[in-house]
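Examination of the molecular architecture
In case you want the letters, here they are:
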Amino acid sequence: MHAQEPATHQIALLVQGHPEIEQALRRLLEPRGWEIAPVRDNSSALEQVKVRNFDLIVTGERTSGAEDVALLRRMRRVHPHTRMIIVTDESTPSDVIDSMKEQAFSYFAKPFSMEHFEEIVGIAIAGPCWDDGIEVGSATPDWINLHVRCDARTADRLLQFLREVSDLPEKEGHAAGFAFREILLNAMEHGGKFDPEQYVEISYVRTRKMVTCRIKDPGQGFSLAELKHSAIANPASDPLRHAMVREEQGLRPGGYGVLLARNLVDELLYNEQGNEVLLVKYLEPPRPWVGSPQSL
């Protein structure tokens, strides 16, 4: 008779800051049997990490992004695969890039969507999951080259990092983010077969007038004319034809990604082989200030 193995005890370390973050973590983690260990600051967090291994670490808003990246760097020396979500009130695009280089799990700068925060926490605790999968080749706030694992959860993590780096106006940011996610998932699914051993190449460039994203998948490519399972190939007389094709091929419902992306960005171009896509979103110029000399 074998002794029963003890249940795995999972624990999250929380640097206290905003009550809303703590409430969200307790709501998500405690019903799943997680313990939450609160500490007052980064120094206390580092001392705890030296004596105990944590499954998840969430920083507090009182410290800057740069300070939290420094904490992550020091924690890596003790536990190389510490899974950290950075939450901060003070951030720059360079801080976000540094967090990616240090393989932070995710990054949130105030103000941010609590819905997005809870989604990322859900990914972090779902397992099996990685704190890597996003490899930074070279990066400045305006030009970033990445290799990204062909995994849907990694795609969602990447999108959060890019939200923080780009800092686009809400309208353009929402449109570009949605289009980017659809094309990225399409590349991971059809080019990379969602194989975690395969990677997608991504280049992000922002100028004063536009944002471009280049996505290259590891597949052999295809022609848009061959995408009968995609809504973009439907004839005007039969807008739902692709749904029947997907059912016949045993594919999940959907197929609207490329069509939606094309309508949300200003340019969507495929290379001849069909395994490389360029998305372009033009930015509206800032409106000139209008006022009278008396208002100065």
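Residues numbered from 1 in each chain as written. Predicted model: local features only at pLDDT ≥ 70, side-chain atom pairs only at ≥ 80, totals over all residues. Heavy atoms only, no water.

**Section: the pattern of salt bridges**
- Under the defined criterion, the tally for this structure stands at 13 salt bridges.
- In this structure, arginine 40 engages aspartate 41 in a salt bridge whose closest nitrogen and oxygen atoms are separated by 3.6 Å.
- For aspartate 41, a relative accessible area of 28% corresponds to the partly exposed category.
- Its salt-bridge partner being arginine 181, residue aspartate 156 comes within 2.8 Å of it at the nearest N-O pair. A residue pair is termed long-range when its members are at least 10 positions apart, and aspartate 156 in helix α6 (residues 152-166) and arginine 181 in helix α7 (residues 170-191) qualify at 25 residues.
- Assessed through its relative accessible area of 28%, arginine 181 is described here as partly exposed. (Salt bridge = Lys/Arg side-chain N within 4 Å of Asp/Glu carboxyl O. Buried < 20%, exposed > 50% of the residue type's maximum accessible area, 1.4 Å probe, protein only. Helix = DSSP H or I, 4+ residues; strand = E, 2+ residues; numbered from the N terminus.)

**Notes on helix α5 (residues 114-126)**
- Helix length check: α5 (13 residues) gives 18 Å between terminal C-alpha atoms against 18 Å at 1.5 Å per residue, within 8%.
- For α5, the complete set of buried residues consists of Met114, Phe117, Ile120, Val121, Ile123, Ala124 and Ile125.
- Those residues of α5 that are buried lie in contact with α1 (19-29), β3 (56-58), β4 (84-88), β5 (106-109) and α6.
- Where α5 begins, the capping side chain belongs to serine 113, and its oxygen is found 3.2 Å from the backbone nitrogen of glutamate 115.
- Glycine 127 lies just past α5 and shows a positive phi near 55°. (Expected span 1.5 Å × (residues − 1). Contact = heavy atoms within 4.5 Å. Polar contact = N/O pair within 3.5 Å; in protein donor to acceptor, adjacent residues only side chain to side chain.)

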